[in-house]
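Descriptive structure summary
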Protein chains: 2
Amino acid sequence: MKAYQRKLDIRNGCVDLSHGSGGRAMAQLISGLFHEAFGNEWLARGNDQSAFDVRAGRMVMTTDGYVVSPLFFPGGNIGSLAVHGTVNDIAMAGAKPLYLSASFIIEEGFRFADLKLIAESMGAAAREADVHIITGDTKVVERGKADGLFISTAGVGVVPDGLDLSAEKARVGDRVLISGTLGDHGVAIMSKRQNLAFETEIVSDSASLHDLVARMVQAGGRGIRLMRDPTRGGLAATLNEIAQQSNLGFHLLEEAIPVKPGVAAACELLGLDPLHVANEGKLVAIVAPEAAGAVLAAMRAHPLGRDAADIGEAVADDHHFVQMATSFGGGRIVDWLSGEQLPRIC
Amino acid sequence: MKAYQRKLDIRNGCVDLSHGSGGRAMAQLISGLFHEAFGNEWLARGNDQSAFDVRAGRMVMTTDGYVVSPLFFPGGNIGSLAVHGTVNDIAMAGAKPLYLSASFIIEEGFRFADLKLIAESMGAAAREADVHIITGDTKVVERGKADGLFISTAGVGVVPDGLDLSAEKARVGDRVLISGTLGDHGVAIMSKRQNLAFETEIVSDSASLHDLVARMVQAGGRGIRLMRDPTRGGLAATLNEIAQQSNLGFHLLEEAIPVKPGVAAACELLGLDPLHVANEGKLVAIVAPEAAGAVLAAMRAHPLGRDAADIGEAVADDHHFVQMATSFGGGRIVDWLSGEQLPRIC
């Protein structure tokens, strides 16, 4: 006899406070919805932690909270985004992502049907990235004390021997490579939020980059100084951070930076700069000049790096400025924003 | 020149949406408040992930979300609780906790001063447990879209060679040991929430149990089948889960179960059963009968196991019932609750 045999009414039901209580209702939600979506032997064991074997070497750990609004958007939802984001933070260290954890904070009244869709997207994104969601937690708060659903994922991965990518490793003369067009995710969210319709729907670039990274590492080895995914704050924030941490500046060439025409048009309409807009399936790599050609070629040979481009170089600059030669022949400082441009973009 | 030189006004300031934007304000919050409180070389490197070396062997990973209300309570706050809870979930596998991640979801308008207190408690709890908070994330949502602060922590630890504790490993005849008095955490939260005053203040038992666990493993070795911390749902939920997962039942002796007189009185007043109330610094161990004496002695020799007790045994039962001989000479089924007794207790 199982004590929680009655099935969840996923079609019509909602999460209530009992689903966060540690009792039968929670066990039912976890086994009936999350285990089904994530299905793996770790969760089936039903422990508060999961074990795995490691070989001696270097590992990385990362975490991210997801509060994106709306929860569903063109190209994904908060679930797929949470998996992609955490996989990417691991991949940016050149590491192979292995295991994820997921913590759900759910507002009372959230529909099971939506939670199931989101969990299934997480499961699918995890399988696609060859990672396993091996442990999790579910909390429920009263109506009005959250906004539908927040997810925090953490992840671990293993770093290839001898690789040590880090924010302070850029050197003067290094090339700045990006893996594709900028601004797709942020503009997809904003269009959905503001109910804008464009001729061609703008779709989030949300994707797992670990495989692209593996090819780049194969091609560039230690010529790759560091990688970053330009999420919140966009490319501008990412390069300004690296400039500070590596104690140098950057010179970019605007005409080399790929932006989709629809995204550029939407940015004009919304008063946004594509360099400040979040991406969720793009990376910036700072690469030694002698390795840049091979790394760029490897990127372009990968479906997620088709539009990869060399957009500039690292320069000596005590002020850590990111400067850009504009398409009109002028120049400008690409500053990072001090305030908030796009709240809850991820 | 550092781009974020202006100091946070911690005394009077509040978190606003800009602190979740990925821009300068966020960098300032992270470096000025979190790095200061957690201070370690990993965070100082400023990457979106942190690396560490491992030796070959078995590791565990866990996660928990914290939504406790109120955020500050007798014996701790959401920060110390988040560290203790994650350390304990790792320790319940018999593992040594090593590294934690922390994801903060903050409501706009949350006071820096409170955030600093909470971060400092996390830092102190981490140092005390000899773990490092090596990576984190900060998101801010609009006023009214969260309830002050939610924290999700994840953690990894390393399992001693040859140890494999798991929920399905209890055997008929095993002893049920608990490390101390039940119900302290839940009653401390409820008294604070309902503004009850007792003659002696009831204080949460929130604490890291990894050191107690290490002593128990030393004393009991493979005689220890499994350990669990009876948090949400209390001892009742924990034993019912184990009964199902190990396909047996339990017989408990009420008079052997330690409950503080103040907690027992408060439970009567509030209509609660101490067996259903959450603990945050207690563990249940299911131990082979031949090892139980040595494990219990090791527990009692540790400050966090002073009141440890042998409270019953595992029995053959196809219905997976947890039964208890009451102090009055009767018997009752200790069921787990289907609904919610104490929302947001952790």
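Residues numbered from 1 in each chain as written. Chains lettered and ligands numbered in written order. Predicted model: local features only at pLDDT ≥ 70, side-chain atom pairs only at ≥ 80, totals over all residues. Heavy atoms only, no water.

Quick note on the threshold: UniProt positions are given in the numbering used here, feature names are shortened, and annotations may be inferred rather than shown by experiment.
The name recorded for chain A in UniProt is Carbamoyl dehydratase HypE, from Bradyrhizobium diazoefficiens. The record held by UniProt for chain A lists under Function the comment "Involved in the maturation of [NiFe] hydrogenases. Along with HypF, it catalyzes the synthesis of the CN ligands of the active site iron of [NiFe]-hydrogenases. HypE catalyzes the ATP-dependent dehydration of the carboxamido group attached to its C-terminal cysteine to a cyano group."

What to know about the interface of chain A and chain B
Where interface size is quoted, it is often the accessible area lost as the parts come together. What counts here: Any pair of residues with heavy atoms lying within 4.5 Å of one another is described as a contacting pair. When two parts are put together, the accessible area they lose, computed with a 1.4 Å probe and summed over both, is reported as buried area. Put simply, a salt bridge is a Lys or Arg side-chain nitrogen that is within 4 Å of an Asp or Glu carboxyl oxygen. Throughout this description, a polar contact denotes any pair of N or O atoms lying within 3.5 Å of each other; where both atoms belong to protein, one of them has to be capable of donating a hydrogen while the other can accept it, and for residues adjacent in sequence the pair is counted only when both atoms sit in side chains. By definition, any uninterrupted DSSP run of H or I lasting at least four residues is a helix, any uninterrupted run of E lasting at least two residues is a strand, and each is numbered from the N terminus. Amino acid classes used here: Ala, Val, Leu, Ile, Met, Phe, Trp, Tyr, Cys and Pro are nonpolar; Asp, Glu, Lys and Arg are charged; the rest, including Gly, are polar.
The interface of chain A with chain B comprises 88 residues on the first partner and 88 residues on the second. Summed over both sides, the interface of chain A with chain B buries roughly 7000 Å², with 50% coming from carbon and sulfur. Among the residues chain A hides against chain B, the three largest losses belong to Arg-45, Met-61 and Arg-232 of chain A. Together they make up 11% of the total. At the surface where chain A touches chain B, the tally comes to 14 salt bridges. At the junction of chain A and chain B, the tally comes to 44 residue pairs in polar contact (both at pLDDT 80 or more). Breaking the side of chain A that touches chain B down by element, the ones donating at least two residues are α1 (24–38), β1 (50–54), β2 (57–66), β5 (96–107), β6 (132–141), β7 (149–159) and α7 (234–246) of chain A. The leading source of residues in the side of chain A that touches chain B is β2 of chain A, at nine residues. Looking at the side of chain A that touches chain B residue by residue, the class counts come to 34 nonpolar, 29 polar and 25 charged.

A closer look at the pattern of salt bridges
Residues and elements named next belong to chain A. Enumeration over the complete set of coordinates arrives at 44 salt bridges over all chains. Salt-bridge contacts for Arg-175 lead to Asp-310; the nearest nitrogen and oxygen are separated by 2.9 Å. With a gap of 135 residues between them, Arg-175 in strand β8 (residues 175–178) and Asp-310 in strand β12 (residues 309–315) connect regions that are remote in the sequence. Linking Lys-282 and Asp-205 is a salt bridge whose minimum nitrogen-to-oxygen distance equals 3.1 Å. Of this pair, Lys-282 sits in the loop between α8 (261–270) and β11 (284–287) while Asp-205 is found in the loop between α5 (184–193) and α6 (210–220), placing the two residues 77 residues apart along the sequence.

Let's talk about the sheet that holds β11 of chain A
Residue and element names in this part refer to chain A. What counts, and what does not: Here the rule is simple: two strands pair whenever DSSP picks up at least two bridges between them. Working convention: axes come from line fits to C-alpha atoms, limited for helices to the stretch in contact. Angles between N-to-C directions cover 0 to 180 degrees.
Read from one edge to the other, the open sheet built from seven strands follows the order β9-β11-β8-β12-β10-β13-β14, with strand pairing classed as mixed. Each of the sheet's edge strands pairs with one partner strand only, and the pair in question is β9 (224–228) and β14 (331–333). Strand-to-strand twist of the sheet, defined as the mean angle between neighbouring strand axes without regard to direction, takes the value 25 degrees. Sheet topology places strand β10 (residues 249–253) next to β12; four bridges connect them, and they run antiparallel. Along β12, the bridge assignment pairs Leu-252 with Gly-312. Seen against the sheet, α6 touches β9 and β11 and runs at an angle of roughly 165 degrees to β9. Sheet strands in contact with α7 are β8, β9, β10, β11, β12 and β13 (322–325), and its direction is about 145 degrees off that of β10.

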